Amino acid sequence: MAARTKARKAALDLLFEADQRSLNVAELLGQRLEQPAGDAPVREYTATLVRGVVEHWTAINDLITTWAQGWTLERMPAVDRAILRLGTFEVVYAEDVPEVVAIDEWVALATDLSTDESPKFVNGVLGRLLELKPTLG
């Protein structure tokens, strides 16, 4: 597994954990940076992703809510919600990642970790955001 793929998975784990435990994700990241869980320290790109989502939290949630037709954030599976938040950050705000690569990575994680319908759903929302990106700034 490539380094960025591992970093994305770790960022997903952090967002999911914070959601499930009703914790502030920025505070959880800070705790993990100070005292890593397990043997491995938090990867730099993991921290970049989580900080990016936190920085753009409201805008990201608004974009997802607008383009996830028929789904509210609360109604989505928690893993899909976290994937979409992170994927939206990479597609809309990150400048050092090809958007298509980011979408492929998040769809792959949805395939591995969520429902059978999730990969198509994630691909549809992130693909739509990619199409709209020039008008979002």
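Below: a short report on this structure. Here the structure is a predicted model, which is why all the values come from computation and not from measurement.

Let's shift gears to the overall build of the protein. Counting secondary structure elements, the protein contains seven helices and zero strands. Each helix and strand of the protein, placed in order from N terminus to C terminus, yields the pattern α-α-α-α-α-α-α. Taking 14 Å as the expected radius of gyration for a compact globule of 137 residues, we find that the protein reaches 14 Å, a close match to that expectation. Its C-alpha atoms give the protein principal-axis dimensions of roughly 40 × 30 × 25 Å. Across the 137 residues of the protein, 43% fall into the buried class. Excluding contacts between residues fewer than 6 apart, the proportion of contacts in the protein whose partners are at least 24 apart in sequence is 68%. Just so you have it, the protein exposes about 7,500 Å², and 50% of that area is on carbon and sulfur atoms. Across the protein, 14 positive and 21 negative side-chain charges occur, with their mean positions spaced 1 Å apart.

A separate point is the packing of aromatic side chains. All chains considered together, the criterion is met by two aromatic pairs. Measuring from centroid to centroid gives 5.8 Å for Trp 71 and Phe 121, while their planes differ by 50°, and the two rings are tilted. Of the two residues, Trp 71 sits in the loop between helix 4 (57-67) and helix 5 (78-93) while Phe 121 sits in helix 7 (residues 118-136), which places them 50 residues apart along the sequence. Here Phe 121 falls in the buried class, since its relative accessible area comes to 19%. Plain terms: the ring middles of Phe 89 and Tyr 93 are 6.3 Å apart, the flat faces sit at 20° to each other, and that makes the pair stacked. Within this pair, Phe 89 and its partner Tyr 93 are both found in helix 5, separated by four residues, close to a single helical turn. Judged by relative accessible area, which is 8%, Phe 89 ranks as buried. Arg 4 extends its terminal NZ or CZ atom over the ring of Tyr 45, reaching a point 3.8 Å from the ring centre. The ring of Trp 71 carries the charged tip of Arg 75 above its face, separated from the ring centre by 4.1 Å.

This part takes up the side chain of Asp 80. Relative to the helices and strands, Asp 80 is located in helix 5. It turns out Asp 80 is buried and unbridged, and the closest side chain with the opposite charge, Arg 81, is 8.9 Å from it. At 2.5 Å, the side chain of Asp 80 forms a polar contact with the side chain of Ser 114.

Take helix 6 (residues 99-113) next. The end-to-end C-alpha distance of helix 6, which contains 15 residues, comes to 21 Å, matching closely the 21 Å that a straight helix rising 1.5 Å per residue would cover. Of all the residues in helix 6, the buried ones are Ala 102, Ile 103, Trp 106, Val 107, Leu 109 and Ala 110. When helix 6 is viewed along its axis, its buried side chains cluster within an angular range of 160° and face the same direction. Turned more than 90 degrees from where helix 6 packs its buried face, Val 100 and Asp 112 sit exposed.

Here we take up the pattern of salt bridges. According to the stated counting rule, one finds nine salt bridges in the structure shown. Here Asp 13 makes a salt bridge to Lys 9, at a shortest N to O gap of 2.8 Å. Here Asp 13 and its partner Lys 9 are both found in helix 1 (residues 3-20), four residues apart, which amounts to about one turn of the helix. By relative accessible area, which is 26% here, Lys 9 ends up partly exposed. The closest approach of N and O atoms between Glu 99 and Lys 133, which form a salt bridge, is 2.6 Å.

The rules behind each value
- Residues numbered from 1 in each chain as written.
- Predicted model: local features only at pLDDT ≥ 70, side-chain atom pairs only at ≥ 80, totals over all residues.
- Heavy atoms only, no water.
- Helix = DSSP H or I, 4+ residues; strand = E, 2+ residues; numbered from the N terminus.
- Rg over C-alpha atoms; globule rule 2.2 N^0.38 Å.
- Buried < 20%, exposed > 50% of the residue type's maximum accessible area, 1.4 Å probe, protein only.
- Contact = heavy atoms within 4.5 Å.
- Areas by Shrake-Rupley, 256 points an atom, 1.4 Å probe, with all protein chains shown as cover.
- Lys, Arg positive; Asp, Glu negative; His and termini not counted.
- Charge placed at Lys NZ, Arg CZ, Asp CG, Glu CD.
- Phe/Tyr/Trp six-rings, centres within 6.5 Å; stacked < 30°, edge-to-face > 60°.
- Lys NZ or Arg CZ within 6 Å of the ring centre and 35° of its normal.
- Salt bridge = Lys/Arg side-chain N within 4 Å of Asp/Glu carboxyl O.
- Polar contact = N/O pair within 3.5 Å; in protein donor to acceptor, adjacent residues only side chain to side chain.
- Expected span 1.5 Å × (residues − 1).
- Arc of directions from axis to C-beta.

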